[in-house]
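Residue strings, one per chain:
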Amino acid sequence: MSAPVVDGWFTTGPEPALLGSSCTTCGTVFFPPTSGFCRNPVCDGSAFAVTELSRRGRVWSYTDAQYRPPPPYLPASDPYVPFALAAVALPEGLVVLGQVADGFGVADLTIGAEMELVVETLYADETGDRTTWRWRPVR
Amino acid sequence: MTGVAVAGVGMHPWGKEGRLFTEYGVVAARAALADAGISWTDVDLVVGGETVRNGYVGYVAGSTFAQALGWTGARVATSYAACATGAQALDTARARILAGLSEVALVVGADTTPKGFLAPNTGERWDDPDWLRFRLLGMTNPAYFAMYARRRMHLYGARSEDFAQVKAKNARHGLTNPNARFRRESSVAEVLASPMVSDPLHLLDVCATSDGAAAVVLCSDAYARAHGLGEVRIRAVSTVTPTFPQRVLDLPYLATEQATGAEDAPVFRESIALAAYEEAGIGPDDVDVAEVYDLSTALELDWMEDLGLCPRGEAEHLLRAGETTIGGRIPVNPSGGLACFGEAVPAQALAQVCELTWQLRGQAGDRQVAGARVGITANQGMFGHGSAVVLTR
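Throughout this document, residue positions are counted from 1 along each chain, in the order its sequence is written. Numbering of ligands from 1 and lettering of chains from A proceed in the order in which they are written. Local features are withheld for residues below a pLDDT of 70 in this predicted model, meaning they are given only at 70 or higher, and side-chain atom pairs are given and counted only at 80 or more; totals for whole chains, interfaces and linings count all residues.

**Some thoughts on the interface of chain A and chain B**
- The interface of chain A with chain B comprises 35 residues on the first partner and 32 residues on the second.
- By the convention adopted, Pro, Cys, Tyr, Trp, Phe, Met, Ile, Leu, Val and Ala count as nonpolar, Lys, Arg, Asp and Glu as charged, and the other residues, Gly among them, as polar. Class assignment for the residues of the side of chain A that touches chain B results in 23 nonpolar, 9 polar and 3 charged. What counts as a contact here is a pair of residues whose C-beta atoms, placed from the backbone, lie within 7 Å.

In structure tokens:
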């Protein structure tokens, strides 16, 4: 069985999207989702609405992980296979980090290029595949 | 406001000896006290920089050092501010001295680090961004540094050779520094031939993690006058937090805050420096020497601009012209920087203060910046921490 590695951070299905929290008082959107208190210093809001973020954005910067990161990172394979990471600027005004989709590396990335959100398997545990959001270059 | 005087400084050499951080801290503390000519029993306040990787004795570092040096009834405090820990500890001591609540304060930071990447302590913490960035993304510290480096290449045309040149410069600076862990030349070719860690940063572009300790003895102006101490003064300690919305991706967060307005506010690192200059009543043109936090080679170039030592996008020009080398217009990291030390988190911001103290006193030996009278440190840690300390003589 396949399930998101973390609940409530992204939708699944054919057109997945990140889920942000929009402050019902000042309208500021936060990702990862938040609750309890708004971090805008001039807002004392405490309630949030779930809001889907844009599925596409542009690369702010990128890199990769040539060495296996330490725990609590769980490698998806043994031996370790390096993966790329991208910070993507969304039209909402947030830059969101994510791994880059399987099969793409730094050679496929440039700053300013368009990226699209996908959901892929991060690792497998005793309950099955745990999925996460990733950024995939738009061809 | 007059400054607080630096009465003495001391360090335990950086390395990877694996001994208890307390041992390193005591060596540094005793060295700083000897440098000041002040007895431990005359210290009325001890402030420790916390280490989070050495159990409870690390969480209560101030008390740990006080007990190790022998209980004297001194007041105690412990600070934690990630990589800015040492500066925050220094600021606590300074504030109590300025308030008239302390005459002589000892500030100590020491660490014993594991091999390899710094990583969270064990246990599952699904609400801790520092844990989540590893579990969900595999996002190490060098991966963040690499993203900044890639931005620099994109915005200003920086090249991998420039980053390598920073390492080569700092390696030369630190060659004969007795407290440095790595004391050998590094060529540009060697850096570029070292394994890629996080593109575009190679192994030799990224600082190591080290054991080490640094200590600073501060005293009041009155005490300094009475004892003929403290030609070096602390003019500013900036420990400002970021300003909402945080537009630049910062450790250990997974995203920036939503920014919808114009991008004219200073970025966080720049605001750290601005606050220091304002408090000291000086500007970047007054600075003779800088110790900046080269967690990566590329970050040294960012810091030069954040400190206003040159306009945005021109750090590479200064580097290539040799202006940031000892003997140049504005020497950066004459100690050898993190490139030669590796990072001992709670000690590192204090080590920067030790180096500038020696520089301003004219005691830096082979790495002396001639005639240095004003120095600034710069440092950034996770979770919105950072510091800049201005010292003058």
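**Details of the pairing of strand E11 (residues 385-392) of chain B**
Residue and element names in this part refer to chain B.
- By the criterion of burial, E11 is predominantly enclosed, with 8 of the 8 residues buried.
- Strand pairing is assigned whenever DSSP detects at least two bridges linking the two strands. Going along the chain from the N terminus, every DSSP run of H or I of four or more residues is numbered as a helix, and every run of E of two or more is numbered as a strand. Two strands pair when backbone bridges link them, and strand E8 (residues 232-238) and E11 are joined in this way by 5 bridges, in the antiparallel orientation. Bridge pairing in E11 links arginine 233 to threonine 392.
- As paired elements, strand E10 (residues 374-381) and E11 share 6 bridges and run antiparallel to each other. Within E11, the residue paired with glutamine 380 across the bridge is glycine 386. Exposure classes come from backbone-placed C-beta atoms, where a residue is buried if 20 or more other C-beta atoms lie within 10 Å of its own, exposed if 12 or fewer do, and partly exposed in between.

**Remarks on the packing of helix H7 (residues 160-173) of chain B against helix H11 (residues 297-306) of chain B**
Residues and elements named next belong to chain B.
- Every angle, taken between N-to-C directions, lies between 0 and 180 degrees, and every axis is a line fitted to C-alpha atoms, over only the stretch in contact when it is a helix. Interhelical geometry of H7 versus H11 gives an angle of 90 degrees and a closest axis separation of 7 Å. Judged on the interaxial angle alone, H11 and H7 are roughly perpendicular. In this structure, H7 uses Phe163, Ala164, Val166 and Lys167 to contact H11, whose residues at the interface are Thr297, Ala298, Glu300 and Leu301.
- Among the residues making up the contact of H7 with H11, the classes are represented as 5 nonpolar, 1 polar and 2 charged. Roughly parallel covers angles under 35 degrees, roughly antiparallel covers those over 145, roughly perpendicular covers 65 to 115, and oblique covers all other angles.

**A word on the domain arrangement of chain B**
Residues and elements named next belong to chain B.
- Taken domain by domain, chain B holds domain 1 (4-116 + 211-234) and domain 2 (129-202 + 235-392).
- Between the C-alpha centres of domain 1 and domain 2 the distance comes to 23 Å.
- The interface of domain 1 with domain 2 comprises 36 residues on the first partner and 34 residues on the second.
- Elements that contribute at least two residues to the side of domain 1 that touches domain 2 include exactly strand E1 (4-15), helix H4 (85-98), strand E4 (104-111), strand E7 (211-219) and E8.
- Ranked by residue count, the leading element in the side of domain 1 that touches domain 2 is H4, at 7 residues. Segmentation into domains, and thus their bounds, comes from an automatic or database assignment.

**Some thoughts on the environment of B:Ala61**
Residues and elements named next belong to chain B.
- By the element assignment, alanine 61 lies in helix H3 (residues 61-69).
- Considered as a pair, alanine 61 and alanine 298 are 237 residues apart in the sequence and their alpha carbons are 32 Å apart.
- What alanine 61 contacts, discounting residues up to four positions off in sequence, is Gly48, Gly49, Glu50, Thr51, Thr78 and Pro346.

**Points about the sheet that holds E7(B)**
Residues and elements named next belong to chain B.
- The strand order E3-E2-E4-E7-E1-E8-E11-E10-E9 describes an open sheet built from 9 strands, whose pairing is mixed. Since the sheet does not close on itself, it has two edges, and those belong to strand E3 (75-79) and strand E9 (289-292), each with one partner. Ignoring strand direction, the axes of neighbouring strands in this sheet form an average angle of 25 degrees.
- In the sheet, E4 pairs with E7 via 8 bridges, with the strands oriented antiparallel. Paired with leucine 106 across the bridge in E7 is valine 217.
- Contacting E1, E4 and E7, helix H1 (residues 21-36) runs over the sheet at an angle of about 140 degrees to E1.
- Strands in contact with helix H10 (residues 268-280) are E8, E10 and E11; relative to E11, the strand with the most contacts, it is inclined by about 30 degrees.

**Re the environment of B:Tyr253**
- Among the structural elements, B:Tyr253 can be located in the loop between E8 and H10.
- Residue classification places B:Tyr253 among the buried positions, given that 21 C-beta atoms sit within 10 Å.

**Points about the sheet that holds strand E2 (residues 19-23) of chain A**
- The 3 strands are arranged E3-E2-E4 (chain A) in an open sheet whose pairing can be described as antiparallel. Strands at the two margins of the open sheet, each flanked by one partner only, are strand E3 (29-30) and strand E4 (48-52) of chain A.

**Section: H7(B)**
Residue and element names in this part refer to chain B.
- Here a helix's expected span is defined as the number of its residues, less one, multiplied by 1.5 Å. Spanning 14 residues, H7 covers 20 Å between terminal C-alpha atoms, matching the ideal 20 Å at 1.5 Å per step.
- Judged by how many residues are buried, H7 sits mostly within the fold: 12 of 14 residues are covered.
- Among all positions in H7, only Ser160, Asp162, Phe163, Ala164, Gln165, Val166, Lys167, Ala168, Lys169, Asn170, Ala171 and His173 are buried.
- Elements that come into contact with the buried residues of H7 comprise helix H6 (141-156), helix H8 (188-193), H11, helix H12 (315-320) and helix H13 (337-341).

**Focus: unusual backbone geometry**
- Each neighbour pair has its own omega, and for A:Asp78 with A:Pro79 the value is 5 degrees, a cis peptide bond.
- With respect to the helices and strands, the residue A:Pro79 is situated in the loop between strand E5 (56-65) and strand E6 (83-89).
- With omega at -5 degrees, the peptide bond leading from B:Leu251 into B:Pro252 counts as cis.
- Relative to the assigned elements, B:Pro252 resides in the loop between E8 and H10.
- Residues other than glycine seldom take positive phi values, yet B:Ala82 does so here, at roughly 55 degrees.
- With respect to the helices, strands and loops of the structure, B:Ala82 is situated in the loop between E3 and H4.
- Although it is not a glycine, B:Asn333 sits at a positive phi angle of roughly 55 degrees.

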